[in-house]
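An overview of the molecular structure
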Amino acid sequence: MKPFRIDVPDDVLEDLRTRLARTRWPEAECVDDWTQGIPLDYTRDLADYWATTYDWRSREAALNRFDQFVTEIGGLDVHFIHQRSPHENAFPLVITHGWPGSIVEFQKVIEPLTNPASGRAEDAFHVVCPSLPGYGFSGRPSRTGWGVEKIAEAWETLMGGLGYDRYGAQGGDWGAAVTTQLGRNGSTGDNHCAAIHLNMPIGAPTKEALADPTPEEQQALASLREHQKWGTGYSKQQSTRPQTLGYGLVDSPAGQLAWIVEKFWAWTDCDGHPENALTRDELLDNVMIYWVTGTATSSARLYWESFRTFRGGDRVELPTGVASFPRELLKPPRSWCEPAYNITHWTDMPKGGHFAAFEQPELFVDDVRAFFATVR
């Protein structure tokens, strides 16, 4: 394992500013809202802020306050934060992001998880935050096969290599899929994962729900239909033709910004504008991880690898905790999740959306701590 620090070359930053200044913009949308996509005026304003005001060096330094490493697993470099708690007996926890997220999502929760205000060891965690293969500062697979199952095996190897023979796992989005697979493997004794916590559990409508849905299930079915009608274009493209998509996104920072920030509008609890949930610096921190690493294509390939397969699999028999946030992208009721998980903890959150640790760090930390207290 080699120590790692984020250190983006100056010429990459200058190239970014030049490209933003030379952007060829489309005409404005024909509506007064976001229904045709991220509006032109906002996109231009955010791009101008990115080019002229946003200070990457200060943001980079903030990320570098965490201990980071790179190690080779399965022939691929894996980048990860490994922040040990000052409490030696803290519980090891691997937290996994998804798309279009990154390790940036967890910068608000690592410190309270590792060094809790209570000062109690039983509230503390040794936190491991890997960058998914093809994402951020991890290597980009040059061969097929790096789907959810292989990533879960890699995380088991990583945690073992760090000396953890019993650990918990947490995730949302693709991180939820990887964490679910860790739970499946742990259920059969194939790894050392002891319990899992999810903020986007994978659940499908039951036969009973389709035949005679409760009011909660009626709302969930309506949300699912709405998402299938209006919200799946990105996943269809990334799961079928990620290479074609990547040419535009890797070449155009304005395109990369628009592709990602629109999802923060759609998936956060933001009351119609993403900057109601996160600051523009926070939004751009995440976009920057994709831009400076040129990983638009390689990150999208995870959809090609696993989008049609990750929902299947054995039930997770390990203890499972769920934090259900009201503005989650997909929000299956507990009744839809019970067939897939041994749910021993479920919290209906009062606010928050898809990027739980980023949007509502205090709620996230409290729920993670409460759940894993039951399995330490």
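Quick look at the structure, then. (Residues numbered from 1 in each chain as written. Predicted model: local features only at pLDDT ≥ 70, side-chain atom pairs only at ≥ 80, totals over all residues. Heavy atoms only, no water.)

Quick look at helix H8 (residues 215-230)
Selection rule: Under the scheme used here, helices are H or I runs from DSSP no shorter than 4 residues and strands are E runs no shorter than 2 residues, and both carry numbers assigned from the N terminus. By this rule, a helix spans an expected 1.5 Å times one less than how many residues it contains. Here the term buried applies to any residue with accessible area under 20% of the maximum for its type, exposed to any over 50%, and partly exposed to those in between, with areas from a 1.4 Å probe on protein chains only. Arc, as used here, means the arc of the directions from the helix axis to the C-beta atoms.
Helix length check: H8, at 16 residues, gives a terminal C-alpha distance of 23 Å against a target of 22 Å (1.5 Å per residue), a fit within 8%. Turning to H8, its buried residues number three or more, namely Glu217, Ala220, Leu221 and His227. Looking down the long axis of H8, one finds its buried residues gathered within 125° of arc, a one-sided arrangement. What points out from H8, more than 90 degrees from its buried face, is the exposed set Pro215, Gln219, Arg225, Lys229 and Trp230.

Here's the deal with the side chain of Asp123
For clarity, the threshold we go by: Identification of polar contacts relies on pairs of N or O atoms within 3.5 Å, with a donor-acceptor requirement for protein atoms, meaning one able to donate a hydrogen and the other able to accept it, and with residues adjacent in sequence counted only if both atoms are side-chain atoms. Should any heavy atoms of two residues lie within 4.5 Å, those residues are counted as being in contact.
In this structure, Asp123 sits in the loop between helix H4 (110-114) and strand E5 (125-130). Side chain to side chain, Asp123 and Ser118 meet in a polar contact 2.6 Å long. Here the side chain of Asp123 touches Arg120 through a polar contact of 3.0 Å, side chain to side chain. Those residues within four positions of Asp123 in sequence are excluded, and the remaining contacts are Leu113, Pro116, Ser118, Arg369 and Arg376.

Considering empty space enclosed by the protein
How we decide: Definitions used for this entry: grid spacing 1 Å over protein atoms alone; cavity, a set of points where a 1.4 Å probe fits but cannot get out; pocket, an open set with protein on both sides within 12 Å along at least 5 of 7 lines; lining residue, one with an atom within 4 Å of a point. Grid points are joined across faces, edges and corners, and a volume is the space filled by probe spheres set on the points. Lys, Arg, Asp and Glu make up the charged group, whereas Ala, Val, Leu, Ile, Met, Phe, Trp, Tyr, Cys and Pro make up the nonpolar group; the residues left over, Gly among them, are polar.
Summed over all chains, the structure comprises two cavities of 30 Å³ or more. Considering only enclosed or pocket space, the largest cavity measures out at about 100 Å³ in volume. In terms of lining residues, the largest cavity is bounded by 16 residues, among which Glu105, Phe106, Gly172, Asn199 and His354 are the most central. Elements that contribute at least two residues to the lining of the largest cavity include exactly strand E6 (167-171) and helix H15 (356-359). Considered as a void within the structure, the second largest cavity measures approximately 40 Å³ in volume. Surrounding the second largest cavity, Asn199, Pro201, Ala323, Ser324, Phe325, Glu328, Leu330, Lys331 and Pro332 form its lining. Within the lining of the second largest cavity, the residues separate by chemical class into five nonpolar, two polar and two charged.

Re the packing of aromatic side chains
Put simply, the test is: Aromatic contacts are taken between Phe, Tyr and Trp rings whose centres are within 6.5 Å, Trp giving its six-membered ring; a plane angle under 30 degrees counts as stacked, one over 60 as edge-to-face, and the others as tilted. Charges are assigned to positions over rings by a cutoff of 6 Å between ring centre and Lys NZ or Arg CZ, combined with an angular limit of 35 degrees from the ring normal.
Counted according to the given criterion, the structure contains 19 aromatic pairs. Their ring planes at 5° and their centres at 4.0 Å tell us that Phe264 and Phe355 sit as a pair that is stacked. Of the two residues, Phe264 sits in helix H11 (residues 253-267) while Phe355 sits in the loop between strand E9 (341-348) and H15, which places them 91 residues apart along the sequence. The buried category is assigned to Phe355, whose relative accessible area is 1%. Ring centres 6.4 Å apart and planes at 25° place the aromatic pair Trp267 and Phe355 in the stacked group. Highlighted residues: Trp267 in helix H11 and Phe355 in the loop between E9 and H15, separated in sequence by 88 residues. Here Trp267 and Phe355 have matching classes, each one buried. Among the aromatic residues, those joined into a ring-pair cluster are Trp99, Trp174, Tyr234, Trp259, Phe264, Trp267, Tyr303, Phe307 and Phe355. The aromatic ring of Tyr49 is capped on one face by Arg280, whose charged end is 5.0 Å from the ring centroid. Sitting above the plane of the Phe125 ring, Arg376 keeps its charged end 4.5 Å from the centroid.

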